[in-house]
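Here is what each chain is made of, one letter per residue.
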Amino acid sequence: MKAVNKLLRLLALVLVLTVAMATVAFAAETGKVWIRVTESSNGKDTVALIITDTTVTDGLVKVTYDPEALTYKDVKVDSKYVAMHSVNAEEAGTVLIAWVAPEAYEADGSALTLIEVNFEGVQEENTLEATGVAQDAEGNEMPIGTVDTSALEEAIAEAEELKEEDYTKESWKALEEELKEAEKVLEDPAATQEEIDAAAEAL
């Protein structure tokens, strides 16, 4: 009897793991929604971009920030992929944004900005975060996450301190190329976490 119970528990565990792996694989195919925090063009303000690489029907995101470092300014929606949106920013440190997409549009798999959240001031550390969920065209939920660029920024800073005379001509040229590519990824507000991590690792 003990052997049968043990076998049943093992089969149940295998079934749970199989379902979990299938869910993760399916979720990976449905695309992502993420938030990318960057400085504004004037370098004095902070912008949080809500970005997707798939067709979404609606979403709800909660953006939290340090009210001592940043002041919420406004939300801009220039995207044809947002039909309606609402914003609640009455509580300092929190902005809630709900949006609905148009009835029919097709994302081509490239990253596009849905919503821009603007703040006055520049944060000393990356204290701005986002949580929430969006739904794709099939009704699958996609968690919203914050892209972390700190490892890439650190790798770029370290590479910029290196001296050419410490390297061969070939290795220095390779470093310069990787540095240029890493800077391009860092400056791209639509870069995914995978692209950012890969650029940091390559550098």
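Note: the structure precedes this text.
Please read these numbers as outputs of a predicted model, since none were measured by experiment.

Now for the overall build of the chain. Scanning the chain from terminus to terminus reveals 4 helices and 9 strands. Counted from the first residue to the last, the chain has its helices and strands arranged as α-β-β-β-β-β-β-β-β-β-α-α-α.

Moving on, we get to the sheet that holds strand β2 (residues 45-52). The strand order β4-β7-β2-β1-β9-β8-β3-β6-β5 describes an open sheet built from 9 strands, whose pairing is mixed. Each edge of the sheet is formed by a strand with only one pairing partner; in this case those strands are β4 (71-76) and β5 (84-88). On average, adjacent strands in this sheet sit at an angle of 15 degrees to one another, irrespective of strand direction. Where strand β1 (residues 33-39) lies against β2, 7 bridges are found, and the strand directions are antiparallel. Directly across from Trp34, in β2, lies its bridge partner Ile51.

To continue, consider the pattern of salt bridges. Side-chain pairs of opposite charge can arise where the charged atoms are in close proximity. Evaluation of the coordinates by the stated rule reveals 3 salt bridges. For Asp45, the salt bridge identified is with Lys73, shortest N-O distance 3.5 Å. Of the two residues, Asp45 sits in strand β2 while Lys73 sits in strand β4, which places them 28 residues apart along the sequence. We classify Asp45 as buried; its relative accessible area is 13%. Using a relative accessible area of 39% as the deciding quantity, one classes Lys73 as partly exposed. Between Glu181 and Lys184 there is a salt bridge whose closest N-O contact spans 3.8 Å. Here the residue Glu181 and the residue Lys184 both occupy positions in helix α3 (residues 169-187), the gap between them amounting to 3 residues, near one helical turn.

For the rest of this paragraph, the subject is the nonpolar core. It is characteristic of soluble globular proteins that their nonpolar side chains tend to be buried jointly. In this structure, Ile50, Trp99, Leu114, Ile115, Phe119 and Leu128 are the most contacted members of the largest nonpolar core, which totals 28 residues. Elements with a minimum of two residues in this core: β1, β2, β3 (56-64), β6 (94-100), β7 (112-120), β8 (129-136) and β9 (141-146). With sequence-adjacent residues up to four places away left out, Leu114 is seen in contact with Ile50, Thr52, Val56, Val77, Ser79, Tyr81, Val82 and Trp99. Judged by nonpolar contacts, the second largest core, of 18 residues, contains Val47, Ile51, Trp172 and Leu175.

Turning our eyes to something else, we now look at the environment of Gln123. Its location among the elements puts Gln123 in the loop between β7 and β8. Placed 79 residues apart in sequence, Gln123 and Lys44 show a C-alpha to C-alpha distance of 9.8 Å. Apart from residues lying up to four places away in sequence, Gln123 is in contact with Val37, Thr46, Leu70 and Leu128. A polar atom in the side chain of Gln123 sits 3.2 Å from the backbone nitrogen of Thr127. Within the local environment of Gln123, its side chain forms a polar contact with the backbone nitrogen of Leu128, the two atoms lying 3.2 Å apart.

Following both chains from N to C, one finds helix α2 (residues 150-160) and α3 inclined at 145 degrees, their axes separated by 10 Å at the closest point. When the axes of α2 and α3 are compared, the crossing they make is left-handed. Seen from α2, the contacting residues are Leu152, Glu153, Ile156, Ala159 and Glu160; seen from α3, they are Leu175, Leu179, Ala182, Glu183, Val185 and Leu186. A class-by-class count of the residues in the contact of α2 with α3 yields 8 nonpolar, no polar and 3 charged.

How each quantity is defined
- Residues numbered from 1 in each chain as written.
- Predicted model: local features only at pLDDT ≥ 70, side-chain atom pairs only at ≥ 80, totals over all residues.
- Heavy atoms only, no water.
- Helix = DSSP H or I, 4+ residues; strand = E, 2+ residues; numbered from the N terminus.
- Pairing = 2+ DSSP bridges.
- Axes fitted to C-alpha atoms, helices over the stretch in contact; angles between N-to-C directions.
- Salt bridge = Lys/Arg side-chain N within 4 Å of Asp/Glu carboxyl O.
- Buried < 20%, exposed > 50% of the residue type's maximum accessible area, 1.4 Å probe, protein only.
- Core = buried A, V, L, I, M, F, W, Y, C linked by side-chain atoms within 4.5 Å.
- Contact = heavy atoms within 4.5 Å.
- Polar contact = N/O pair within 3.5 Å; in protein donor to acceptor, adjacent residues only side chain to side chain.
- Left-handed = near helix turned anticlockwise from the far one by under 90°.
- Nonpolar A, V, L, I, M, F, W, Y, C, P; charged D, E, K, R; others polar.

From the geometry alone we can't say anything about function, so treat these as descriptive.
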